[in-house]
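Inside the fold
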Amino acid sequence: PGLRALLQRAGLDHANVSASDIGFRLGPRLNAAGRLDHAMVGCELLLTQDHARADELAGILDQKNGERQQLTNAVLAEARGRIGPHPTERALVVDDPGWPGGVIGLVAGRLAEEYCRPVLIVERSEVESRGSARSIAGFNIIAALERCSDLLTKFGGHAQAAGFSLRSELIPTLRTRMAALAAEYLREEDLVPTIQLDAEIGGRGFGAAELLALQEQMSALEPFGIGNQPPVLMW
């Protein structure tokens, strides 16, 4: 009942749900309560057998997701303003006491894509702060944090995403250390956004029918995601 109610709130047909729908429409709604308040709302939604309660909880999650989007956009705008349009550092560390921990990972991911460089966003507190890092190809962020482990109270993650905490007075040192590591490992060309093409199909006589047939053939390769990215075609 909970999933059906959430599908309805997300405007999805339960008989035709893709991996993309799960990742970008259902997942964010389930995660929204935990990012802003407490994840038990999502847990109760998945466990309830009461349809009325399921609809109520799905509505709460849908509302929380809207609030999460607004908060993410606000923090994103503030962080962009701090960084500026043309940063010179090859790794960016930005901190603020007003940025909630539930959205800093989302903001770091967006900024890493926009600036094409590693980004660490820190929710600064009076004594100990916590942060979230996202990286780009060619820069292993967890290996970089290991090189900074003397500054951190804890950290964990993988090559492209990580979380960490540190004493607040060490944030400037972390910023300097990460910039030096990025300068050591990243070349100028690594900071230029690229698109990996799988095939060029322009000029091959593709009409509407052929394109629809190709789309159906590619759908057989789903589910797409990490380890199985969707094909990228150039017309």
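Residues numbered from 1 in each chain as written. Predicted model: local features only at pLDDT ≥ 70, side-chain atom pairs only at ≥ 80, totals over all residues. Heavy atoms only, no water.

Position of S129 relative to the elements: it lies in strand β3 (residues 128-134). Accessibility expressed as a relative area gives 1% for S129, which makes it buried. Separated by 2.9 Å, the side chain of S129 and the backbone nitrogen of S125 make a polar contact. (Helix = DSSP H or I, 4+ residues; strand = E, 2+ residues; numbered from the N terminus. Buried < 20%, exposed > 50% of the residue type's maximum accessible area, 1.4 Å probe, protein only. Polar contact = N/O pair within 3.5 Å; in protein donor to acceptor, adjacent residues only side chain to side chain.)

This part takes up the sheet that holds strand β2 (residues 119-123). Pairing between sheet strands relies on hydrogen bonds along the backbone, with the strands arranged either parallel or antiparallel. Pairing within the open sheet is mixed, and its 5 strands lie in the order β1-β2-β3-β5-β4. Looking at strand neighbours, the two that pair on one side only are β1 (92-96) and β4 (152-157), the edges of this open sheet. Each neighbouring strand pair of the sheet contributes to a mean axis angle of 15 degrees, computed without reference to strand direction. Both β1 and β2 contribute to a ladder of 5 bridges, which runs parallel. Its bridge partner lying in β2, D96 is registered against E123. Sheet strands touched by helix α5 (residues 101-115): β1, β2 and β3. Its angle to β3, the strand with the most contacts, is close to 40 degrees. (Pairing = 2+ DSSP bridges. Axes fitted to C-alpha atoms, helices over the stretch in contact; angles between N-to-C directions. Contact = heavy atoms within 4.5 Å.)

Here the bond from E222 into P223 is cis, since omega is 10 degrees, no more than 30 degrees from zero. Within the element layout of this structure, P223 appears in the loop between α8 (208-219) and β7 (233-234). Its identity as a non-glycine residue notwithstanding, C116 has a phi of 55 degrees, on the positive side. Residue position: C116 is located in the loop between α5 and β2.

Along the polypeptide, P28 turns up in helix α2 (residues 19-36). The exposure class assigned to P28 is buried, which follows from its relative accessible area of 18%. Spatially, the C-alpha atoms of P28 and N65 are 6.7 Å apart, while their sequence positions differ by 37 residues.

All right, on to the side chain of D96 then. Within the secondary structure, D96 sits in strand β1. Among the residues examined, D96 registers a relative accessible area of 13% and is labelled buried. Leaving out residues up to four positions away in the same chain, D96 has contacts with R82, V122, E123 and R124.

So, about the packing of helix α1 (residues 2-9) against helix α4 (residues 51-83). Look at α1 against α4: their axes get within 8 Å of each other, and the N-to-C directions meet at 45 degrees. As the angle between them shows, α1 and α4 are arranged oblique. For the element pair α1 and α4, the recorded crossing hand is right-handed. Together, G2, A5, L6 and R9 of α1 and A54, D55, A58, G59, L61 and D62 of α4 make up the contact between the two elements. Of the residues assigned to the contact of α1 with α4, the class counts are 5 nonpolar, 2 polar and 3 charged. (Parallel < 35°, antiparallel > 145°, perpendicular 65-115°, else oblique. Left-handed = near helix turned anticlockwise from the far one by under 90°. Nonpolar A, V, L, I, M, F, W, Y, C, P; charged D, E, K, R; others polar.)

This paragraph deals with the pairing of β2. Within β2, 5 of the 5 residues are buried, leaving the element largely enclosed by the surrounding structure. Following the backbone out of β1, through α5 and into the adjacent parallel β2, one traces a crossover that is right-handed. Judged from the 5 bridges that link them, β2 and β3 form a sheet pairing that is antiparallel. If you follow I121 over to β3, its bridge partner there is S132. Between the end of β2 and the start of β3, which pair antiparallel, lie 4 residues. (Right-handed = clockwise from strand over helix to strand, strands pointing away.)

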